[in-house]
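Notes for the structure review
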Amino acid sequence: MNDNSVSREERESGSRFVPKFDSNGLLTAVVVDVDSKDVLVVAFMNAEALARTRESGNVHFWSRSRGRLWLKGETSGNFLKVEKMLVDCDQDALVIHASPDGPTCHTGARSCFYRRLDPDADDASALFSASR
């Protein structure tokens, strides 16, 4: 799926999908709630995860920590159903608009991004609830 022979013009302006995976065979996937537009999760996809996502309509990732394919929701039942996929200019990142079946984060939070960072605070007290 990764074709380094494609020209820059074709990759950036053409209609041919030629994902550009990094040296570990991964690309970044940002999943956004289709309704609220909140970022739900940022993870990585290898070629198999991308193919299974496109085939099934449910988001799959490559888990770097587990070293295996991961269907989001496979244990929790909180699947991410693909509504739209956007590809960046050099085809090395995706933004996936999805409908979540429930909380996205393994902590039970709606999004993995449930805390804000106060850039002026000391690291010991720099995080607080994103809802504030």
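Bear in mind the structure is a predicted one, so any value in this text is a computation, not a measurement.

Analysis parameters
Think of each chain on its own: its residues are numbered from 1, step by step along the sequence as written. pLDDT decides what is reported in this predicted model: residues at 70 or higher carry local features, side-chain atom pairs at 80 or more are listed and counted, and totals for whole chains, interfaces and linings draw on all residues regardless. Hydrogens and water are ignored here; the side-chain numbers use all heavy atoms of the structure. The term disulfide is used for any two cysteine sulfur atoms that are within 2.5 Å. For the purposes of this entry, the term helix denotes a DSSP run of H or I that reaches at least four residues, the term strand denotes a run of E that reaches at least two, and both are numbered from the N terminus. Classification of residues uses two cut-offs on accessible area relative to the type maximum, computed with a 1.4 Å probe and protein chains only: under 20% is buried, over 50% is exposed, and between them is partly exposed. Contact criterion: two residues are considered in contact whenever any of their non-hydrogen atoms come within 4.5 Å of each other. Two strands make a pair as long as DSSP finds a minimum of two bridges between them. Comment: axis = line fitted to C-alpha atoms, over the contacting stretch for helices; angle = value between 0 and 180 degrees taken between N-to-C directions. Picture the helix axis, draw a direction to every C-beta atom, and the arc is the one those directions span. Contacts described as polar in this section are N or O atom pairs within 3.5 Å, which, within protein, must combine one atom able to donate a hydrogen with one able to accept it, while residues neighboring in sequence count only if both atoms come from side chains. The aromatic pairing rule takes the rings of Phe, Tyr and Trp, using the six-membered ring of Trp, and pairs them if the centres are within 6.5 Å, calling planes under 30 degrees apart stacked, those over 60 edge-to-face and the rest tilted. Here, a charge over a ring is recorded when the distance from Lys NZ or Arg CZ to the ring centre is within 6 Å and its angle to the ring normal is within 35 degrees.

Here we come to the state of the cysteines. Inspection of the entire model under this criterion finds 0 disulfides. Left without a disulfide partner, Cys105 is nearest to the cysteine sulfur of Cys112, which lies 3.9 Å away.

Let us now look at the side chain of Ser63. Mapped onto the fold, Ser63 is located in strand S3 (residues 60-63). By relative accessible area, Ser63 is classed as buried at 4%. Contacts of Ser63, omitting those with residues within four sequence positions, involve Arg68 and Trp70.

Read from one edge to the other, the open sheet built from 4 strands follows the order S2-S1-S6-S5, with strand pairing classed as mixed. Two strands in the sheet have a free side with no partner beyond their single neighbour: strand S2 (39-45) and strand S5 (80-87). Strand-to-strand, the axes of this sheet are offset by a mean angle of 25°, without reference to chain direction.

Here we take up helix H2 (residues 47-56). Those residues of H2 that sit buried are Ala49, Leu50 and Thr53. Seen end-on, H2 carries its buried residues on one side only, within an arc spanning 100°. Along its buried surface, H2 packs onto S2, S3, strand S4 (68-71), S5 and strand S6 (93-100). At the N-terminal boundary of H2, the capping side chain belongs to Asn46, with an oxygen 3.2 Å from the backbone nitrogen of Glu48. Immediately downstream of H2, the backbone of Gly57 shows phi near 85°, a positive value.

This part takes up the packing of aromatic side chains. The tally for this structure, following the rule as stated, stands at 1 aromatic pair. Plain terms: the ring middles of Phe61 and Trp70 are 4.9 Å apart, the flat faces sit at 45° to each other, and that makes the pair tilted. Relative accessible area serves as the criterion here: at 0%, Phe61 is assigned to the buried category. A residue is classified by how much of its surface remains accessible, and Trp70, at 19% relative accessible area, is buried. We note Arg66 situated over the ring of Trp70; from NZ or CZ to the ring centre the distance is 5.1 Å.

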